[in-house]
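Descriptive analysis of the structure
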Amino acid sequence: MEKDIPSRLATLGHPQRLAIFRLLMRRYPDAVAAGELADALGLRPSTLSAYLAALMRAGLVTQARAGTSLRYAIDLAQVRGTFEYLLNDCCRGRPDICAPPTLAKGGLDMGDRKYNVLFICVGNSARSIFAETILRDMAGDRFTAWSAGTRPSSALNPAALALLEAKGHDIAPLRAKHVEAFRAEGAPVMDFVFTVCDRAANEECPPWQGQPVTAHWGTPDPVRATGTEAQRALAFQHAYGALRNRISIFAALPFESLDRLGLQAAVDDIGSGAVEGAA
């Protein structure tokens, strides 16, 4: 491991290779298609290919084929080993000088209070609105739910609102909001932040106050569905059902017995479909 550290640090010293690495870290445990990486970072395919090859040579990224697409993911074992080496060698094993205070503590404040949860998408017009509403109605006694968009729409999607009403949800409190409203002074400190669309997860995002547990729960965009009216309506039903399933599993987690690492693993598993629940 020690002999690989200079190569890995040198590889990450290039701004665009670092940008790829950071995007894949944000998307972990997902494997991301090369075309999606190129679009998200504005890179030509040939340039991206060269950068990905360098990251793979350094042992930081893995490649796998899914049909006709090549997908890339973080090699977490190697990345963890690199960070562990830096912590033990450069920091002499002292998290008090090398880790943020919230990580050094090892967990969330498990006091008697509600947890704050934010769901993020680009438009904040359908999927994130579904998630906010479902969690509020399913477990509003234990969670305060919000949603926001990185580029929010001026109005919520009418089909999404109609579906929520049909399922008995109150849509009166819902409105599109910009994610920066939750970074402003006086904004509530989040315990959990979930992205529910790939485009939002791919965007550069500064660290959140309080270092909440984060995860990507990517859900296909029903707004982009094509076909007959019935087929488009079914896409909204599928998005709603997928999010409801994930949120029901999330709300049932034994928060009182999980530390931060346990919570992170649990929400990652929910996003990857590694656990199942009743929709």
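Parameters and conventions
- Residues numbered from 1 in each chain as written.
- Predicted model: local features only at pLDDT ≥ 70, side-chain atom pairs only at ≥ 80, totals over all residues.
- Heavy atoms only, no water.
- Axes fitted to C-alpha atoms, helices over the stretch in contact; angles between N-to-C directions.
- Helix = DSSP H or I, 4+ residues; strand = E, 2+ residues; numbered from the N terminus.
- Parallel < 35°, antiparallel > 145°, perpendicular 65-115°, else oblique.
- Contact = heavy atoms within 4.5 Å.
- Phe/Tyr/Trp six-rings, centres within 6.5 Å; stacked < 30°, edge-to-face > 60°.
- Buried < 20%, exposed > 50% of the residue type's maximum accessible area, 1.4 Å probe, protein only.
- Lys NZ or Arg CZ within 6 Å of the ring centre and 35° of its normal.
- Disulfide = S-S within 2.5 Å.
- pLDDT = per-residue confidence, 0-100.
- Arc of directions from axis to C-beta.
- Polar contact = N/O pair within 3.5 Å; in protein donor to acceptor, adjacent residues only side chain to side chain.
- Salt bridge = Lys/Arg side-chain N within 4 Å of Asp/Glu carboxyl O.

1. Points about the packing of helix 1 (residues 5-12) against helix 5 (residues 76-89)
The geometry of helix 1 relative to helix 5 is characterised by a closest axis approach of 11 Å and an angle of 105 degrees between their N-to-C directions. The pairing of helix 1 with helix 5 is recorded here as roughly perpendicular in orientation. Residues I5, R8 and L9 of helix 1 form the contact with helix 5, whose own contacting residues are Q78, T82, Y85 and L86.

2. What about the packing of aromatic side chains?
With the rule as written, the count across this model stands at 16 aromatic pairs. An angle of 25 degrees between the planes, with centres 6.1 Å apart, marks the rings of F192 and F194 as stacked. Neither F192 nor F194 differs from the other in exposure class; each is buried. One cation-aromatic arrangement involves R183 over W208; the distance from NZ or CZ to the ring centre is 3.9 Å.

3. What to know about the state of the cysteines
In total, this model carries one disulfide according to the counting rule given. Here C121 pairs with C197 through a disulfide, and the sulfurs are 2.5 Å apart. Residues C121 and C197 share a disulfide whose torsion about the S-S bond is about 135 degrees; that sign makes it right-handed. Of this pair, C121 sits in strand 4 (residues 115-121) while C197 sits in the loop between strand 6 (192-195) and helix 10 (198-202); the two residues are 76 residues apart in sequence, bridging distant segments of the chain. Exposure remark for C121: the relative accessible area of 4% places this residue in the buried category. Considering cysteine sulfurs only, C91 is the nearest to C90, which forms no disulfide, with 6.2 Å between them.

4. Details of the side chain of S125
As for its position among the elements, S125 is in the loop between strand 4 and helix 8 (127-139). Accessibility expressed as a relative area gives 13% for S125, which makes it buried.

5. Examining the confidence of the model for the protein
Taken residue by residue, the protein gives an average pLDDT of 89. The fraction at 70 or more is 91%. Per-element mean pLDDT across the protein ranges from 51 in helix 7 (residues 101-105) up to 97 in helix 8.

6. Quick notes on the environment of A176
Note on placement: A176 falls in the loop between helix 9 (158-166) and strand 6. Taking the C-alpha atoms as reference points, A176 and N157, separated by 19 residues in sequence, lie 9.9 Å from one another. The contacts of A176, once residues within four sequence positions are left out, are N124, P152, S153 and L156.

7. Observations concerning helix 9
Taken together, the buried positions of helix 9 are A160, L163 and L164. In an axial view of helix 9, the angular spread of the buried residues amounts to 100 degrees, which keeps them on one side of the axis. Turned more than 90 degrees off the buried face of helix 9, the exposed positions are P158 and A166. Where helix 9 is buried, its residues contact helix 8 and helix 11 (229-251). The N-cap of helix 9, judged by a side-chain oxygen 2.9 Å from the amide nitrogen of A159 a few residues on, is N157. Once helix 9 finishes, G168 follows within two positions and takes phi at roughly 85 degrees, a positive value.

8. A word on the pattern of salt bridges
Any two side chains of opposite charge can pair, on the condition that their charged atoms come close. With the rule as written, the count across this model stands at ten salt bridges. A salt bridge links E132 to K177; the shortest N-O distance between them is 3.8 Å. Of the two residues, E132 sits in helix 8 while K177 sits in the loop between helix 9 and strand 6, which places them 45 residues apart along the sequence. Grouping residues by exposure puts E132 and K177 together as buried. As a salt-bridge pair, R224 and D221 come within 3.5 Å of each other at their nearest N and O atoms. By relative accessible area, which is 59% here, R224 ends up exposed.

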